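Here is what each chain is made of, one letter per residue.
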Amino acid sequence: LSIACALVTVIGITVAMGWELGSSEAICLMTLTGFAVDYVVHLSHSYMESTSHSPLERTHDALRDMGISVFWGMLTSFVAALALASCQLQFLSKFGYFFLLTITFAYLWALLFLMPLLATVGPRSSPADGRAVPHTPYNSNTTRRKAVPDAIEVA
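Residues numbered from 1 in each chain as written. Predicted model: local features only at pLDDT ≥ 70, side-chain atom pairs only at ≥ 80, totals over all residues. Heavy atoms only, no water.

Participant: Describe the overall build of the protein, listing the residues and the values that go with them.
Facilitator: Helix and strand content of the protein: four helices and two strands. Listing each helix as α and each strand as β along the protein from the N terminus yields α-α-α-α-β-β. The burial tally for the protein puts 32% of its 155 residues in the buried class. Across the protein, every contact between residues at least 6 apart in sequence was considered, and the portion connecting residues at least 24 apart equals 63%. A total of about 9,200 Å² of accessible surface is found on the protein, and carbon and sulfur atoms cover 68% of it. (Helix = DSSP H or I, 4+ residues; strand = E, 2+ residues; numbered from the N terminus. Buried < 20%, exposed > 50% of the residue type's maximum accessible area, 1.4 Å probe, protein only. Contact = heavy atoms within 4.5 Å. Areas by Shrake-Rupley, 256 points an atom, 1.4 Å probe, with all protein chains shown as cover.)

Participant: Pulling in residues and values, what's your account of the pattern of salt bridges?
Facilitator: For the structure shown, the criterion picks out three salt bridges. For the salt bridge of D61 with R64, the shortest nitrogen-to-oxygen distance reads 3.0 Å. Residue D61 and its partner R64 are located together in helix α3 (residues 55-85), separated by three residues, close to a single helical turn. Overall, D61 belongs to the buried group, its relative accessible area being 12%. According to the relative accessible area criterion, R64 is exposed, its value standing at 56%. Ionic pairing is found between D65 and R64, a salt bridge with its closest N-O pair at 3.3 Å. The network of salt bridges with shared partners includes D61, R64 and D65. (Salt bridge = Lys/Arg side-chain N within 4 Å of Asp/Glu carboxyl O.)

Participant: Give me the lowdown on the environment of H53, citing residues and values where you can.
Facilitator: Assignment of secondary structure puts H53 in the loop between α2 (23-49) and α3. In this structure H53 comes out as buried when scored by relative accessible area, which is 5%. Residues H53 and P123, spaced 70 residues apart in sequence, show a C-alpha to C-alpha distance of 9.1 Å.

Participant: Now, about the packing of α2 against helix α4 (residues 90-121): what can you tell me, with residues and values included?
Facilitator: Running from N to C, α2 and α4 cross one another at 30°; their axes reach a closest spacing of 9 Å. The angle between α2 and α4 falls in the class roughly parallel. The way α2 lies across α4 gives a crossing that is right-handed. Partitioning the contact of α2 with α4 into residue classes produces 21 nonpolar, four polar and two charged. (Axes fitted to C-alpha atoms, helices over the stretch in contact; angles between N-to-C directions. Parallel < 35°, antiparallel > 145°, perpendicular 65-115°, else oblique. Left-handed = near helix turned anticlockwise from the far one by under 90°. Nonpolar A, V, L, I, M, F, W, Y, C, P; charged D, E, K, R; others polar.)

So this is what it looks like as structure tokens:
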């Protein structure tokens, strides 16, 4: 959902800027769809790998473990997009602007929409085996798992 929102935002801004959909814009949109997926996949994977039980704790874990890497990846791509946007060739310049908008809005939608959504209604891990289970009122057991399983404890 956040990927679609980011792409709709980018398309809306380019239409508001007066750009018409031509062959170069179509190529840009097809290429940049892959970039919109990047932040969502990294943060979602980190969320699912968290061993915490509650969705809020899992969101904190995901942001702590992967948030800084995603941020620096976004920032370096942002600088590269600025360089492309300043090119004299129209195709490279348009690609740079599309890239800049896609990076910015994909990051913002992932951070400000996806992560709060996961913190609110995201799957929680099962206390028994650590696998993610959907969040429902019927599995709202809030006991925390032991940091060290019984089989590994040293007497």
